Amino acid sequence: MSFDLYAIGNALVDSEYVVNDAFLAKQNIAKGQMTLIDQAQQQGLIAALQAEFNCAKRASGGSAANSVIAFAALGGSAFYACKVAKDNNGDFYLHDLRAAGVSAPHHAQVEQGITGTCVVMVTPDSERTMHTFLGITAELSPQELDLDALNQARYLYIEGYLATSPSARHAVATARALAKAQNIKTALTFSDPAMVQYARDGLTEMLEDGVDILFCNEHEAKLWANTDNLAQAIQALHQLSPLLAITCGDKGAIISNKGQQITIAPFPVTALDSNGAGDAFAGAFLYGLSQHWSLADCGRLASRIAAQVVSQFGPRLQTVQYSQLLEETITQQ
């Protein structure tokens with residue numbers, strides 16, 4: 001079977017809590033970032049959360065997983081290379097992924113270890129703060145790749161969070177080498193400001209000699225270029241990729257193709273939860289590319305879907321919502 005999109009990323013079961021700033025301050029948690037913690041720390045955090053708040057949502061997560069699920073929901077064929085354990089969370093993860101129409105390697109589930117989990121804390125300003133126990137996904141390696149599936153793909157999409165794992169970076173290098181040999185387009189997302197700040201060497205390694213498409217947000221772009229000037233950041237990022245898709249929150253997005261910029265207007269919504277918005281943007285944008293749409297139309301679909309994600313809790317929409325937003329976008333082209 002051939003695939004429009006082959007992605008490689010972390011496999012994490014997300015548990016989402018609606019919290020307040022006072023809780024983050026009391027727990028000494030840095031707001032708005034992803035922080036890696038060990039299992040004991042996460043268990044302590046969950047106990048503190050459950051003493052005050054209810055779990056709002058549970059879903060198969062991971063940055064690239066959210067993107068491929070959006071891609072599949074829009075009608076694209078997608079494959080996700082990942083690693084989970086043979087435990088309840090691992091069973092839940094693969095079932096949830098396949099129920100969303102995404103294929104996964106048969107050997108993604110291993111006997112030893114614990115499936116990774118992510119606690120997502122959402123504050124009233126819709127900002128999301130994540131504490132992640134990677135578990136077995138930290139050991140993602142070339143062994144979990146299905147190279148036959150990748151060989152049949154049109155696009156390879158790489159999650160920036162993999163920058164923290166040496167074995168995952170090895171898997172990325174293996175996948176990139178095959179993609180280059182087969183002229184498969186390669187895209188990468190920075191995933192989180194913390195990756196740019198604290199895992200820059202790993203990101204640089206995964207970027208190798210550049211990618212065809214780079215996804216990031218405005219904050220990540222400026223961090224990478226060490227500037228407060230977005231125009232300068234865009235110029236610096238073009239050293240990594242000819243095509244940039246930069247999300248700018250409620251200001252919309254900028255698509256820069258070899259320096260030629262397209263401004264994507266925002267879709268006004270009441271923001272509840274920013275978790276997964278950038279992931280949804282990337283998945284929808286890649287879907288548009290797979291359908292040979294113009295960059296402006298790709299950006300409009302991506303912006304529309306990301307806005308809808310922000311307006312509700314959780315990193316994903318219901319399948320019918322993707323279809324409705326796709327139809328609305330097509331009729332307005």
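Report follows, based on the coordinates. All values reported here derive from a predicted model rather than from experimental measurement.

## Some thoughts on the pattern of salt bridges
Throughout the structure, instances matching the rule amount to 15 salt bridges. Close ionic contact of D125 with K31 constitutes a salt bridge, the shortest N to O distance being 2.6 Å. Taken together, the positions of D125 in the loop between β9 (116-122) and β10 (128-133) and K31 in the loop between α1 (21-26) and β3 (34-36) put the pair 94 residues apart, joining distant regions of the chain. Judged by its relative accessible area of 44%, D125 falls in the partly exposed class. Owing to a relative accessible area of 34%, K31 belongs among the partly exposed residues under this scheme. Across the salt bridge formed by E111 and K86, the nearest N and O atoms sit 3.1 Å from each other. A residue pair is termed long-range when its members are at least 10 positions apart, and E111 in the loop between β8 (109-110) and β9 and K86 in the loop between β6 (84-85) and α4 (88-99) qualify at 25 residues. The exposed category is assigned to E111, whose relative accessible area is 57%.

## Some remarks on helix α8 (residues 200-207)
Within α8, burial applies to G202, L203, M206 and L207. Projected down its long axis, α8 carries its buried residues within an arc of 135 degrees, all on one side. E208, located one to two residues past α8, shows a positive phi value of around 45 degrees.

## Re the nonpolar core
It is characteristic of soluble globular proteins that their nonpolar side chains tend to be buried jointly. Ranked by internal contacts, the top residues of the largest apolar core, which has 53 residues, are Y80, Y93, F215, F285 and L286. Those residues in contact with F285, other than ones at most four positions away along the chain, are F215, L243, I255, L295, C298, G299 and A302. In terms of nonpolar packing, the next biggest core, distinct from the first, is built from 51 residues, I158, A171, L188 and L203 among them.

## What to know about empty space enclosed by the protein
If a probe as big as a water molecule is rolled over the atoms, it shows which places are left empty. This structure, assessed with the given rule, holds 1 cavity of 30 Å³ or more. As a volume, the largest cavity reaches approximately 40 Å³. Elements represented by at least two residues in the lining of the largest cavity include exactly β2 (12-18) and β4 (55-61). Looking at which element gives the most residues to the lining of the largest cavity, the answer is β4, with 3 residues.

## So, the sheet that holds β3
The 5 strands are arranged β3-β10-β9-β2-β4 in an open sheet whose pairing can be described as mixed. Taken across any chain shown, the strands that pair with only one partner, and hence form the sheet edges, are β3 and β4. Sheet twist, expressed as the average angle between the axes of neighbouring strands with direction ignored, equals 20 degrees. Sheet topology note: the β3/β10 ladder contains 3 bridges and is parallel. Counterpart to L36 in the pairing with β10 is T132. Strands β2, β4 and β9 of the sheet are contacted by α4, whose axis makes an angle of about 75 degrees with β4.

Basis of the calculations
Residues numbered from 1 in each chain as written. Predicted model: local features only at pLDDT ≥ 70, side-chain atom pairs only at ≥ 80, totals over all residues. Heavy atoms only, no water. Salt bridge = Lys/Arg side-chain N within 4 Å of Asp/Glu carboxyl O. Helix = DSSP H or I, 4+ residues; strand = E, 2+ residues; numbered from the N terminus. Buried < 20%, exposed > 50% of the residue type's maximum accessible area, 1.4 Å probe, protein only. Arc of directions from axis to C-beta. Core = buried A, V, L, I, M, F, W, Y, C linked by side-chain atoms within 4.5 Å. Contact = heavy atoms within 4.5 Å. 1 Å grid on protein atoms, 1.4 Å probe; cavity = no way out; pocket = protein on both sides within 12 Å on 5 of 7 lines; lining within 4 Å. Points joined across faces, edges and corners; volume = space filled by probe spheres on them. Pairing = 2+ DSSP bridges. Axes fitted to C-alpha atoms, helices over the stretch in contact; angles between N-to-C directions.

Structural measurements only, silent on function.
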